[in-house]
Amino acid sequence: MPDKTITLSVTRFDPDLDPEPRQQSYEIPFKDDMVVLDGLNWIKTHLDGSVSYRWSCRMGICGSCGMNVNGTPKLGCSAFLRDYLPGPVVVEPLPNFPVVRDLVIDMSSFMEKLSAVKPWIIREQGAIGTGEFLQTPAQTEQYRQFSMCINCMLCYSACPVIAIEPEFIGPAAIALARRYELDSRDQAGDERLRTITASDGIWDCSFVGECSAVCPKGVDPARAIQQTKFDSTLGVLLPWGGK
Amino acid sequence: MRHPGPNRLEGLFWALFAQSAVLTALVIPAHILVQGVLGPLGIVPAFDQHYSTFAAGLGNWLVKLYLFIVFGATFWVFAHRVRYTLLEVGVPGGKQGLGVVTYGLAGLATLVAAYLLLTVP
Amino acid sequence: MSARETVGRRETGLGEDAASVASTGGREAAPAHPNRLPTDWWRRNPRYVLYMLREFTAVPIAIWMVWFLIEIGRARGGPAGYRPHQSLAFVIFSVVCLVFAVWHSFTFLRLSGLIVRIPLGERTVPASAIVAGSFGLLIVATVVVGGLLTLGGR
């Protein structure tokens, strides 16, 4: 019985040699439990050692292997080849990030945006050594969903606003800011809010919602953004509003 | 680096949009259904089908105020959505430039509505 | 700037040696390909198309309201000059606008559950309750406004 195969069409780009990214096809053996990352690893091991891509945990928790699979941002380790039969499976680098080489993108803008929201607990006075900050399960539940982000950047690739306005701070950064805003232990007050309610913050978002659609961890950044819009404007009308 | 916030103007634009979108979502279907379909077809007596009832309705200051708000909300939702959509499909002008054009148009249309409502019947 | 930092920090992949990574580390300009979503991004998947449809609803609604404004303008001329919109063409136009208006109502009120956050002690009012309340409000508003528009026509 002939072995089943599937074709992967992978973006290749060597900045020293290629004027533009191009697609290169590879036919690989197919097994039902293979994911796109397995396919890429097979190509690199057996066919073409020069293919470059990021990956690590291969189980959807490290956020390293984000790539466009047939036009949709996905984790390479979570996209099963059987869902793309008969192929070819088009594997491209994540849109909205400059391509450094093949499937490897320059994520420095993302790192800058994350740091800009000060993603750590901020207390009013030095509190080290004063003991635990107690939190009930119900209080944790308020922000737990927004804490599940694995920084895979699929949401930035799905967002059409980032394409037009690259300075937009973006879904993951705002969801992260909201995670800390809703954390009962945080006392940042307006400090973080000032960053995300700036012109390239939440007001750039028009609620396309694709960020939440592609998020592999169910963070729902679109909801975080809209709630931040509400809380920072109309929410002040609710007398009991706020944290 | 990051521009310092908060941008209260954009916040105001969005808040006006959100409130206007809720209002239009709640009342516009009734207006179009009654005034645009059932009334002209003669199925129900819509107040704008005869001058006497229309003028009587429009002469009421509460009605004028309500309609002014609904017109303003409609034009604001139009402006806000058109601004962002044009930006996202690559129309030149920038976010600020498109904002001036769209919100300006909305403001103008609302002023026209106000003028008409104040001078009718 | 950023390409140099990224290349300098890039991990050595299978098949690459440290020398080939280091040899590209001194580059000044970033030859990285921009790789932005194209301006026809909204045709790429059904969710994007639905988003565009949702945003577009603002246009027919505004156009219909302009038609209403025209009617009000006509009423300023006194009873002799007044002609209400009555043609079949207007009815068809209104039906089309009504479809878009209802789509706007349905999508926006459904999303209201995501936007509005009402704290209740340590918890918040569930989104489903807010959405149900919003649709209930739509029914009430339609009955009230529709009722007043017809009562005013007697």
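Student: Which parts of the structure should I look at to understand the overall build of chain C?
Tutor: From N to C terminus, chain C includes seven helices and two strands. Counting from the amino terminus, chain C carries its helices and strands in the arrangement α-α-α-α-α-α-β-β-α. Burial statistics for chain C: of 154 residues in total, 39% are counted as buried. A separation threshold of at least 6 residues defines the contact pool for chain C, and within that pool the share at least 24 residues apart is 39%. A total accessible area of about 8300 Å² is found for chain C, and carbon and sulfur atoms account for 68% of it.

Student: In this structure, what is going on with the sheet that holds strand β3 (residues 66-69) of chain A? I would like to understand it.
Tutor: Residue and element names in this part refer to chain A. Reading across the sheet, the five strands line up as β2-β1-β5-β3-β4 and stay open at both edges, with mixed pairing between neighbours. With one partner strand each, in any of the chains shown, β2 (22-29) and β4 (72-75) form the two edges of the open sheet. Averaged over all pairs of adjacent strands, the angle between their axes in this sheet comes to 35°, without regard to strand direction. As defined by bridge partners, strand β1 (residues 5-12) adjoins strand β5 (residues 89-92) across three bridges and the pair is classed as parallel. Across the sheet, the residue bridging to Ser9 is Val90, located in β5.

Student: I tried to follow the nonpolar core on my own but got confused; where do I start?
Tutor: Looking at soluble globular proteins, one finds that nonpolar side chains tend to be buried together. Counting 124 residues, the largest nonpolar core has Leu8, Val10 and Leu81 of chain A, Trp14 and Phe71 of chain B together with Ile72 of chain C as the members making the most contacts within it. Take this core: its biggest share by element is 13 residues, from helix α1 (residues 8-38) of chain B. For Leu8 of chain A, the residues in contact, after removing those within four places along its chain, are Gln24, Ser25, Tyr26, Ile28, Val36, Gly39, Leu40, Ile43, Leu81, Val89 and Val91 of chain A. Listed in part, the seven residues of the second largest apolar core include Tyr143, Phe146, Cys215 and Ala224 of chain A.

Student: How do you make sense of the packing of helix α6 (residues 171-181) of chain A against helix α9 (residues 221-232) of chain A when you look at a structure like this?
Tutor: Two numbers describe a pair of packed helices, the interaxial angle and the distance between the axes. Residue and element names in this part refer to chain A. At a minimum axis separation of 8 Å, α6 and α9 run at an interaxial angle of 60°. Here α6 lies oblique to α9, going by the angle between them. In the packing of α6 onto α9, the handedness of the crossing is left-handed. Across the interface between the two elements, Pro171, Ile174, Ala175 and Arg178 from α6 touch Pro221, Ala224, Ile225, Gln227, Thr228 and Asp231 from α9. Of the residues contributing to the contact of α6 with α9, the split by class is six nonpolar, two polar and two charged.

Student: Mind showing me how you'd approach the environment of Trp76 of chain B here?
Tutor: Residues and elements named next belong to chain B. Note that Trp76 resides in helix α3 (residues 61-88). For Trp76, a relative accessible area of 15% puts it in the buried group. Put simply, Trp76 and Ser20 are 56 residues apart on the chain and 7.0 Å apart in space, counted from C-alpha to C-alpha. Each residue touching Trp76, except ones within four places of it in the same chain, is listed here: Phe13, Leu16, Phe17, Ser20, Tyr103 and Ala106. A distance of 3.2 Å separates a polar atom in the side chain of Trp76 from the backbone oxygen of Phe13.

Student: I would appreciate a short explanation of the interface of chain A and chain C in the present structure.
Tutor: Often, the extent of an interface is quoted as the loss of accessible area upon association of its parts. On the chain C side, the residues contacting the 50 residues of chain A number 35 residues. Interface of chain A and chain C: buried area, both sides summed, is about 3500 Å²; carbon and sulfur atoms make up 55% of it. Considering only the surface of chain A that becomes buried against chain C, Gln142, Phe207 and Glu210 of chain A emerge as the three largest contributors, covering 14% of it. Across the pair Arg47 of chain C and Glu210 of chain A runs a salt bridge, and its minimum N-O distance is 2.7 Å.

Student: Help me out: how do you make sense of the interface of chain C and chain B in this one?
Tutor: Counting residues at the interface gives 53 residues for chain C, matched by 55 residues for chain B. Buried surface at the junction of chain C and chain B, summed over both partners, amounts to about 4700 Å²; 76% is from carbon and sulfur atoms. Together, Leu69, Arg76 and Leu149 of chain C form the three largest contributors to the area buried by chain C at its contact with chain B, with a combined 14%. Taken together, the links from chain C to chain B amount to one salt bridge. As a salt-bridge pair, Glu55 of chain C and Arg81 of chain B come within 3.2 Å of each other at their nearest N and O atoms. On the surface where chain C and chain B come into contact, there are 13 residue pairs in polar contact (both at pLDDT 80 or more). Every element with two or more residues in the side of chain C that touches chain B is listed here: α3 (46-56), α4 (58-75), α5 (78-81), α6 (88-115) and α7 (127-151) of chain C. Grouping the constituent residues of the side of chain C that touches chain B by class yields 33 nonpolar, 15 polar and five charged.

Thresholds applied
Residues numbered from 1 in each chain as written. Chains lettered and ligands numbered in written order. Predicted model: local features only at pLDDT ≥ 70, side-chain atom pairs only at ≥ 80, totals over all residues. Heavy atoms only, no water. Helix = DSSP H or I, 4+ residues; strand = E, 2+ residues; numbered from the N terminus. Buried < 20%, exposed > 50% of the residue type's maximum accessible area, 1.4 Å probe, protein only. Contact = heavy atoms within 4.5 Å. Areas by Shrake-Rupley, 256 points an atom, 1.4 Å probe, with all protein chains shown as cover. Pairing = 2+ DSSP bridges. Axes fitted to C-alpha atoms, helices over the stretch in contact; angles between N-to-C directions. Core = buried A, V, L, I, M, F, W, Y, C linked by side-chain atoms within 4.5 Å. Parallel < 35°, antiparallel > 145°, perpendicular 65-115°, else oblique. Left-handed = near helix turned anticlockwise from the far one by under 90°. Nonpolar A, V, L, I, M, F, W, Y, C, P; charged D, E, K, R; others polar. Polar contact = N/O pair within 3.5 Å; in protein donor to acceptor, adjacent residues only side chain to side chain. Buried area = accessible area lost by both parts, 1.4 Å probe. Salt bridge = Lys/Arg side-chain N within 4 Å of Asp/Glu carboxyl O.

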